[in-house]
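Structural characterization, general
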Amino acid sequence: MRLERDSLGEMEIPAEVFWGIHTARALENFPITRRPISVYPDLIRALARVKQAAARANRAIGVLEPEKADVIEQVCLEIIDGQWHDQFLVGVIQGGAGTSTNMNTNEVIANRGLQILGRPLGDYASLHPLDDVNRSQSTNDVYPTAIKLAMVFGLTRLLEEHKRLTVSFAAKGSEFAGILKVGRTQLQDAVPMTLGQEFSGFAHTLVEDHDRLSEVIPWLNEINMGATAIGTGITADPRYARAVLDELIAVTGIEMETAADLIEATSDAGIFMTLSGTLKRAAVKLSKICNDLRLLSSGPQAGLGEISLPPRQAGSSIMPGKVNPVIPEVVNQVAFSVIGADATVTAAAEGGQLQLNAFEPVIAHSILQSLAWMTNACRTLRVNCIDGITPNLSRLSMQVETSVGVVTALTPYIGYAASASLAHTALTTESSIADLVVAAGLMSREEVTRVLSPERLSGIVPMTGVISVVAQDRFADDHDD
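Please read all numbers here as calculations on a predicted model, not as lab measurements. (Residues numbered from 1 in each chain as written. Predicted model: local features only at pLDDT ≥ 70, side-chain atom pairs only at ≥ 80, totals over all residues. Heavy atoms only, no water.)

**Details of the environment of Phe-30**
Mapped onto the secondary structure, Phe-30 falls in the loop between helix 1 (21-29) and helix 2 (41-60). Taking the C-alpha atoms as reference points, Phe-30 and Gly-95, separated by 65 residues in sequence, lie 7.7 Å from one another. (Helix = DSSP H or I, 4+ residues; strand = E, 2+ residues; numbered from the N terminus.)

**Focus: the pattern of salt bridges**
One pass over the structure, following the stated rule, counts 30 salt bridges. Across the pair Glu-208 and Lys-285 runs a salt bridge whose closest N-O atoms are separated by 3.3 Å. Of this pair, Glu-208 sits in helix 7 (residues 195-220) while Lys-285 sits in helix 10 (residues 270-296); the two residues are 77 residues apart in sequence, bridging distant segments of the chain. The class of Glu-208 is partly exposed, set by a relative accessible area of 40%. Two residues, Lys-285 and Asp-209, come together in a salt bridge whose shortest N-O distance is 3.4 Å. Of the two residues, Lys-285 sits in helix 10 while Asp-209 sits in helix 7, which places them 76 residues apart along the sequence. Assessed through its relative accessible area of 18%, Lys-285 is described here as buried. A relative accessible area of 1% places Asp-209 in the buried class. What you see here is one network of salt bridges that share partners, running through Arg-56, Arg-59, Asp-70, Glu-73 and Glu-247. (Salt bridge = Lys/Arg side-chain N within 4 Å of Asp/Glu carboxyl O. Buried < 20%, exposed > 50% of the residue type's maximum accessible area, 1.4 Å probe, protein only.)

**Looking at the environment of Ile-386**
Counting through the fold element by element, Ile-386 comes out in the loop between helix 12 (360-384) and strand 8 (390-391). The contact partners of Ile-386, leaving out residues within four places of it in the chain, are Leu-165, Ser-168, Phe-169, Lys-172, Leu-293 and Leu-381. (Contact = heavy atoms within 4.5 Å.)

**Considering helix 12**
For an α-helix, 3.6 residues make a turn, and residues three or four places apart therefore share a direction. Between its first and last C-alpha atoms helix 12 spans 35 Å; for 25 residues at 1.5 Å apiece the expected length is 36 Å, and the two agree. Where burial is concerned, most of helix 12 is hidden: 18 out of the 25 residues are buried. (Expected span 1.5 Å × (residues − 1).)

**Some points on a nonpolar patch on the surface**
Together, Val-284, Phe-336 and Ile-339 make up a nonpolar patch on the protein surface, roughly 270 Å² of accessible area in all. By the element assignment, Ile-339 lies in helix 11 (residues 326-350). (Patch = residues over 30% accessible without salt bridge, like charges linked within 9 Å, V, L, I, M, F, W, Y side chains within 5 Å. Areas by Shrake-Rupley, 256 points an atom, 1.4 Å probe, with all protein chains shown as cover.)

Written out as structure tokens, the structure reads:
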């Protein structure tokens with residue numbers, strides 16, 4: 001063990017670990033989630049990028065010795081490369097507005113730096129977690145900047161998977177372009193469409209969400225580095241804010257800007273609500289698509305049974321042969337979680353007081369989890385479900401042939417009243433709409449065949465025609481009787 005001290009007293013720390021007394025106190029104080037911040041690698045890498053940029057900026061303006069800045073940067077690059085993440089132990093939910101996370105980061109960088117320098121761990125006279133690693137900084141500018149950067153990392157990855165999923169839906173739209181089916185409104189039979197149109201619709205709704213999510217990234221790139229405690233920049237050289245911005249852009253390759261009002265930027269959580277709400281929108285719409293997939297594949301004998309989802313696992317411990325739509329179901333559950341996380345973010349953003357929002361840890365946890373789960377949900381939906389969907393052609397054809405919804409296509413020619421009367425007759429007698437129209441002398445067989453062609457029924461070819469007033473009046477009279 002090694003002995004470390006802070007303003008509250010002394011604590012023994014395991015001799016070989018890179019974290020120190022501030023992390024140890026956090027481990028005692030916040031045994032809440034049993035989930036360390038290292039469950040979010042994007043956050044750990046973002047913290048390292050911020051500390052790297054700060055060290056470079058401090059060296060450039062002459063407030064940190066080059067040797068110390070160099071070793072800090074070396075450790076940061078190791079962390080970015082995936083090393084030492086197991087040393088980031090503080091819980092994702094913590095009091096102190098992220099102070100424990102910042103302290104954990106400072107201590108890991110300092111102690112690994114001491115090891116590189118050949119000094120004993122805890123020998124902070126040679127490289128200090130606060131005086132050196134945290135120079136010109138406060139948790140209140142480091143933490144929000146890091147979580148925004150982590151969110152950009154996660155959102156970029158989500159957008160990549162979201163795009164791949166959209167392409168898969170679009171590919172199915174093309175593959176199913178010529179397959180006619182019955183459309184439905186309010187779970188009742190409606191007019192015909194193609195299965196391709198249905199899947200293309202799924203693709204287009206995802207495109208809209210991709211655009212909305214992409215629009216959030218520039219807002220996340222507004223940072224408050226140099227604000228220090230509350231936005232006044234106390235303890236930071238006046239040149240530091242510009243210098244650290246330039247270095248952060250250099251090390252990340254991401255265009256950023258310093259907020260115009262650092263006091264406002266340090267206390268405001270509006271961008272987190274914007275991102276969370278946009279994520280919720282995307283999750284809800286994706287969940288609705290999954291609901292549709294479960295309905296379309298329901299059965300296989302007593303449901304709609306229009307499509308078959310790839311069988312992924314046995315669906316029951318008691319019913320042999322049962323296969324459930326487990327992939328859409330898990331995506332539904334991810335959406336439910338994202339919806340709940342958005343409520344948490346909203347409450348946390350509202351709960352801030354005066355010059356700081358103390359609840360950014362739960363905001364960060366909620367959004368980073370939503371980003372990770374949505375990314376994984378998009379991937380598993382694409383790979384384990386969408387790419388393997390097949391149409392049940394015979395069932396689709398039978399449903400269209402027996403559907404009275406096709407009568408809607410005849411209304412421009414025979415009128416609404418006649419069409420309604422024919423629909424009623426077809427339902428009660430299980431007769432063909434086409435046969436009833438021809439038998440009533442309202443249209444010839446050739447005309448009916450042309451109007452009820454798949455191309456016209458699905459709207460691929462525009463429908464035009466003239467309503468016969470005589471036929472309309474006649475069926476109106478019959479309907480009245």
